Amino acid sequence: MDARILAALKYIEQDLSEQIELEEVSRKIGLSKFYFERLFHAEVGESFYAYLKRVRLHHAARRLKRTSQSVYEIAVAYGYTSNATFSRAFQRFFGVSPTRYRKELWGREDSFDDPPKIEIREIKPYYCIFARYCGPYERIRDWWCDFIGRLPASLHNNESGGVRFMGRIYDDPRVTPANELRYDCCYVFTDLQDSRIESDDLRYRLIITDPGLYAAVDNSVRPRPRSAVYSYILDRWLPRTIYQYSDLPGLEFFTGCPIDANSTEAPVCTMLVPLE
């Protein structure tokens, strides 16, 4: 994906409650409105406003399921000015009203006899370069192959031995169609004084991850399917705690090669779900 479109996605997704206009984003990344509009559609597969609407409504759908917030509170959180406007948009998109959607049952995938151990961790921000991939999560191994194969030569030198790879996972397959699921492959800079962070060829791809509290599962001890672990944390564990759902992306830390770690549907990594 074009690095300027990566920068645009980063800007859009950092606060979905804000009223964001195409002209504003195109100006932010230094492109004319018309060229940005064409490039965005070519790279993402849909128009700027269609993407923004879809991502907001998918986030809203997850909040309807995972929080007790009112429909109005959720509407405002994703840039809608009234309950009625949000409800009409939601009905057209999902085919049911927000209230009915909230009442419908979800299927669960967390059927294991010995649930994973969950720890609460305070996670610092990480400086990374990233690439965005979309599609079924079964393709995550292929995405890591592509990402590592495309890393700039300047990042292949790891004399300090401190390089780690991180995945950022955004969507729930029960809400988002498989071909629209988002995943970021990230290279983590362990030294914030690393001069490569400021290089022109990396600046559009640089991202700082969200610090805060996360529910962590070490999936390297007894690897379980990715979908089952996230389902267990969000559907079973979280409602029984004092913590609240957050729609920040989840994180996956790989201490080894992420290609090898994703050789099956049970990734060998630490999986982290953000909390409020």
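Just so you know, these numbers come straight off a predicted model, no measurement behind them.

## Here we look at the environment of Gly256
On the secondary structure map, Gly256 appears in the loop between β7 (250–254) and α10 (258–261). Under the relative-accessibility criterion, Gly256 is labelled partly exposed at 41%. The spacing of Gly256 and Cys269 is 13 residues in sequence and 8.4 Å in space, taken between C-alpha atoms.

## Looking at the layout of surface pockets
The computed volume of the largest pocket comes to approximately 650 Å³. Secondary-structure elements contributing two or more residues to the lining of the largest pocket are α4 (48–66), α8 (140–150), α9 (226–237) and β8 (270–274). For the lining of the largest pocket, the element with the most residues is α9, which contributes five residues. Taken together, the residues of the lining of the largest pocket break down into 16 nonpolar, seven polar and 11 charged. Lining of the second largest pocket is provided by 23 residues; of these, Glu13, Gln14, Asp15, Asp210 and Leu248 occupy positions nearest its centre. Those elements that provide at least two residues to the lining of the second largest pocket are α1 (3–13), α4, β2 (127–134) and β5 (206–208). At four residues, the largest contribution of residues to the lining of the second largest pocket is made by α1. Here the residues of the lining of the second largest pocket are counted per class, giving 11 nonpolar, three polar and nine charged.

## A word on the packing of aromatic side chains
As enumerated under the stated definition, the model contains 20 aromatic pairs in all. Through a chain of ring-to-ring contacts, the aromatic side chains of Tyr80, Phe86, Phe90, Phe93, Phe94 and Tyr101 assemble into a single cluster. Note that Arg132 overlies the ring of Tyr170, its terminal NZ or CZ placed 4.6 Å from the centroid.

## Some details on the sheet that holds β7
With antiparallel pairing, eight strands are arranged side by side in an open sheet as β1-β6-β8-β7-β3-β4-β2-β5. In this open sheet, the two edge strands, each paired with only one partner strand, are β1 (119–123) and β5. Across the sheet, the mean angle separating the axes of adjacent strands is 35 degrees when strand polarity is ignored. In the sheet, strand β3 (residues 164–169) pairs with β7 via five bridges, with the strands oriented antiparallel. Note on β7: the bridge partner recorded for Met166 is Phe253. Each of β2, β3, β4 (182–189) and β7 touches α8; the most contacted strand, β4, lies at about 40 degrees to it. Against the sheet, α9 engages β1, β3, β4, β6 (212–218), β7 and β8, with an angle of about 35 degrees to β8.

Calculation notes
- Residues numbered from 1 in each chain as written.
- Predicted model: local features only at pLDDT ≥ 70, side-chain atom pairs only at ≥ 80, totals over all residues.
- Heavy atoms only, no water.
- Helix = DSSP H or I, 4+ residues; strand = E, 2+ residues; numbered from the N terminus.
- Buried < 20%, exposed > 50% of the residue type's maximum accessible area, 1.4 Å probe, protein only.
- 1 Å grid on protein atoms, 1.4 Å probe; cavity = no way out; pocket = protein on both sides within 12 Å on 5 of 7 lines; lining within 4 Å.
- Points joined across faces, edges and corners; volume = space filled by probe spheres on them.
- Nonpolar A, V, L, I, M, F, W, Y, C, P; charged D, E, K, R; others polar.
- Phe/Tyr/Trp six-rings, centres within 6.5 Å; stacked < 30°, edge-to-face > 60°.
- Lys NZ or Arg CZ within 6 Å of the ring centre and 35° of its normal.
- Pairing = 2+ DSSP bridges.
- Axes fitted to C-alpha atoms, helices over the stretch in contact; angles between N-to-C directions.
- Contact = heavy atoms within 4.5 Å.

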